[in-house]
Amino acid sequence: MRPLIARLLALFRRRQLDDELSDEMSAHLEISTADYVERGMSLADARREAALRFGSTLQTAEAYRDRQGFPLLESLWQDMRYAVRTLRRTPLFAVTVAATMGLGLGLVGSAFTILNAYLLKPIDLPDPHALYALSWDTDTTRRQRFRLADYEAIQREAQHFSRLAAAQEFTVMQDSVSTRGLLVTGNYFALLGARPALGRLLRPDDAAARGGVAVVVLSHETWRSRYGSDPAIVGQRILLGRQRFEVVGVTEPHAYLPNQEGVSFWAPLTMSGAFPGVDPWSEPDAASLVVVGRLRQGVTAASVRAWLEVWLRQRFPTTSDAAPVAVHIDSL
């Protein structure tokens with residue numbers, strides 16, 4: 001500890017050390033010169049020989065200073081002093097450099113925030129790797145969706161899933177703004193394992209009967225931007241499509257729900273008649289539903305794909321335009 005304190009004190013006694021070093025070096029040269037004179041050299045030759053043997057005075061002094069102090073700190077201090085002098089001589093250049101560096105750091109920070117939010121942020125759902133979406137291709141349609149009767153049949157016949165749910169996209173004008181929503185079965189949020197920030201999410205009894213309960217769940221972003229984060233929003237009625245819906249809950253902030261970026265509302269699938277677009281009950285042949293499921297423990301996606309290929313070919317003969325040519329089991 002004492003040598004360290006001594007070195008720190010030496011940093012603040014640099015001039016004194018330089019003077020002491022100069023005196024020591026002069027004394028050493030004089031002693032060496034006198035020694036050579038005693039050996040018979042002239043005074044001029046003795047001084048020259050002493051200087052050659054002693055080495056470069058400047059190099060010797062620098063080596064001594066390095067041993068007495070902290071060369072890295074001293075070099076950093078010298079660089080800082082030089083930078084300050086340079087910036088004081090060119091203030092406009094200094095401001096430009098600082099602004100450019102600040103802008104660059106800001107852009108990098110924003111890019112990382114976006115990357116973290118959409119690519120690196122983990123899915124805050126229980127066992128998300130067990131969630132899968134089902135679809136298939138026909139000769140004319142990519143990512144074919146399901147009819148209501150198909151979804152109900154898969155629910156009855158598929159033993160690979162602990163839960164199955166269905167969803168249908170819709171778009172509605174609200175306050176002259178086109179707004180994206182999802183009509184979902186009552187067990188949809190339970191299948192995902194999502195949680196509310198306010199109120200509750202949709203339940204099976206909300207979608208027990210066609211046209212039964214006009215309730216809606218808001219995304220946290222919609223609640224914040226459109227309704228001013230009103231803490232009393234739960235219980236209020238808002239106009240969606242051709243009908244007013246009671247707000248029963250708000251999703252968690254920044255909640256990641258698979259493939260649902262930009263969704264503002266979730267309403268029961270049984271309320272599809274209140275919105276423009278396909279009504280699975282009045283148009284039973286329309287394939288408008290996305291089917292998602294949570295695999296049972298120990299079940300693999302490969303076994304589900306094999307089962308679905310057989311099931312689809314039995315349901316759609318190869319002579320049908322809807323006959324599958326490829327089956328997809330996509331992880332959410």
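Residues numbered from 1 in each chain as written. Predicted model: local features only at pLDDT ≥ 70, side-chain atom pairs only at ≥ 80, totals over all residues. Heavy atoms only, no water.

K.L.:
Please explain the overall build of the protein chain as it appears in this structure.
P.N.:
Within the protein chain one finds ten helices and ten strands. The buried share of the protein chain, reckoned over its 332 residues, is 35%. In the protein chain, of all internal contacts separated by at least 6 residues, the share reaching a separation of at least 24 is 70%. Carbon and sulfur atoms provide 57% of the accessible area of the protein chain, an area that totals close to 20000 Å². (Helix = DSSP H or I, 4+ residues; strand = E, 2+ residues; numbered from the N terminus. Buried < 20%, exposed > 50% of the residue type's maximum accessible area, 1.4 Å probe, protein only. Contact = heavy atoms within 4.5 Å. Areas by Shrake-Rupley, 256 points an atom, 1.4 Å probe, with all protein chains shown as cover.)

K.L.:
Quick question: what am I supposed to make of the side chain of S288 here?
P.N.:
Its place among the elements puts S288 in the loop between strand 8 (265-268) and strand 9 (290-295). Classification of S288 as buried rests on a relative accessible area of 9%. Ignoring sequence-local partners within four residues, the contact set of S288 consists of R145, F146, A167, Q168, V278 and P280.

K.L.:
Any chance you could explain the nonpolar core here in plain terms?
P.N.:
Burial of nonpolar side chains together is a common tendency in soluble globular proteins. Formed by 44 residues in total, the largest nonpolar core has its most connected members in L218 and F245. Beyond its immediate stretch of four places on either side in the chain, F245 contacts A214, V215, V216, Q236, R237, I238, L240, A267, M271, A274 and F275. Residues A133, L192, V215 and L332 belong to the second largest nonpolar core, which totals 19 residues. (Core = buried A, V, L, I, M, F, W, Y, C linked by side-chain atoms within 4.5 Å.)

K.L.:
Even after reading the chapter, I still don't get the confidence of the model for the protein chain, so can you show me in this structure?
P.N.:
It should be kept in mind that the predicted coordinates are not to be read in detail where pLDDT is low. Looking at the protein chain as a whole, the pLDDT averages 78, with 68% of positions reaching at least 70. Counted against residues more than four places away or in other chains, residues 112-122, with its pLDDT under 50, gives six contacts. (pLDDT = per-residue confidence, 0-100.)

K.L.:
Could you clarify how one ought to interpret the pattern of salt bridges in this entry?
P.N.:
When the charged atoms of two side chains with opposite charge come close together, those side chains can pair. A complete count under the given rule lists eleven salt bridges for this structure. R147 is paired through a salt bridge with D150; the nearest N and O atoms lie 3.0 Å apart. Here the salt bridges share partners, and the residues they tie into one network are R145, E169 and R180. (Salt bridge = Lys/Arg side-chain N within 4 Å of Asp/Glu carboxyl O.)

K.L.:
So what exactly am I meant to see when it comes to the packing of aromatic side chains here?
P.N.:
What characterises a pair of aromatic rings is the spacing of the ring centres plus the angle enclosed by the ring planes. Taken as a whole, this structure holds seven aromatic pairs when the rule is applied. Taking the centre distance of 4.9 Å and the plane angle of 70° together, the rings of W136 and F146 count as edge-to-face. A residue pair is termed long-range when its members are at least 10 positions apart, and W136 in strand 1 (residues 131-137) and F146 in the loop between strand 1 and helix 7 (148-157) qualify at ten residues. Given the relative accessible area of 1%, W136 is considered buried. With a centroid separation of 5.7 Å and 35° between ring planes, the pair formed by W136 and F316 is classed as tilted. You can see W136 sitting in strand 1 and its partner F316 sitting in the loop between helix 10 (301-315) and strand 10 (326-331), a full 180 residues away along the chain. When sorted by exposure, W136 lands in the same class as F316, which is buried. Grouped by ring-pair contacts, the aromatic residues W136, F146 and F316 constitute a single cluster. (Phe/Tyr/Trp six-rings, centres within 6.5 Å; stacked < 30°, edge-to-face > 60°.)

K.L.:
Looking at this structure, how should I read the environment of V37?
P.N.:
Among the structural elements, V37 can be located in helix 2 (residues 14-38). In this structure the C-alpha to C-alpha distance between V37 and R47, which are ten residues apart in sequence, comes to 8.8 Å.

K.L.:
I tried to follow the packing of helix 7 against helix 10 on my own but got confused; where do I start?
P.N.:
Helix-helix packing is described using two parameters, namely the angle between the two axes and the distance between the axes. Their axes nearest at 12 Å, the elements helix 7 and helix 10 cross at an angle of 130°. If you check the angle between helix 7 and helix 10, you find them oblique. Helix-helix and strand crossings are classified by hand; for helix 7 and helix 10 the assignment is right-handed. Every residue of helix 10 that contacts helix 7 at A149, D150, A153, I154 and E157 is listed here: W307, W311 and R315. In terms of residue class, the contact of helix 7 with helix 10 is built from five nonpolar, no polar and three charged. (Axes fitted to C-alpha atoms, helices over the stretch in contact; angles between N-to-C directions. Parallel < 35°, antiparallel > 145°, perpendicular 65-115°, else oblique. Left-handed = near helix turned anticlockwise from the far one by under 90°. Nonpolar A, V, L, I, M, F, W, Y, C, P; charged D, E, K, R; others polar.)

K.L.:
Is there a simple way to explain helix 10 in this structure?
P.N.:
Each turn of an α-helix holds 3.6 residues, which means side chains three or four residues apart point in the same direction. Spanning 15 residues, helix 10 covers 21 Å between terminal C-alpha atoms, matching the ideal 21 Å at 1.5 Å per step. In this fold, the buried residues of helix 10 make contact with strand 1, helix 7, strand 2 (161-174), strand 9 and strand 10. (Expected span 1.5 Å × (residues − 1).)

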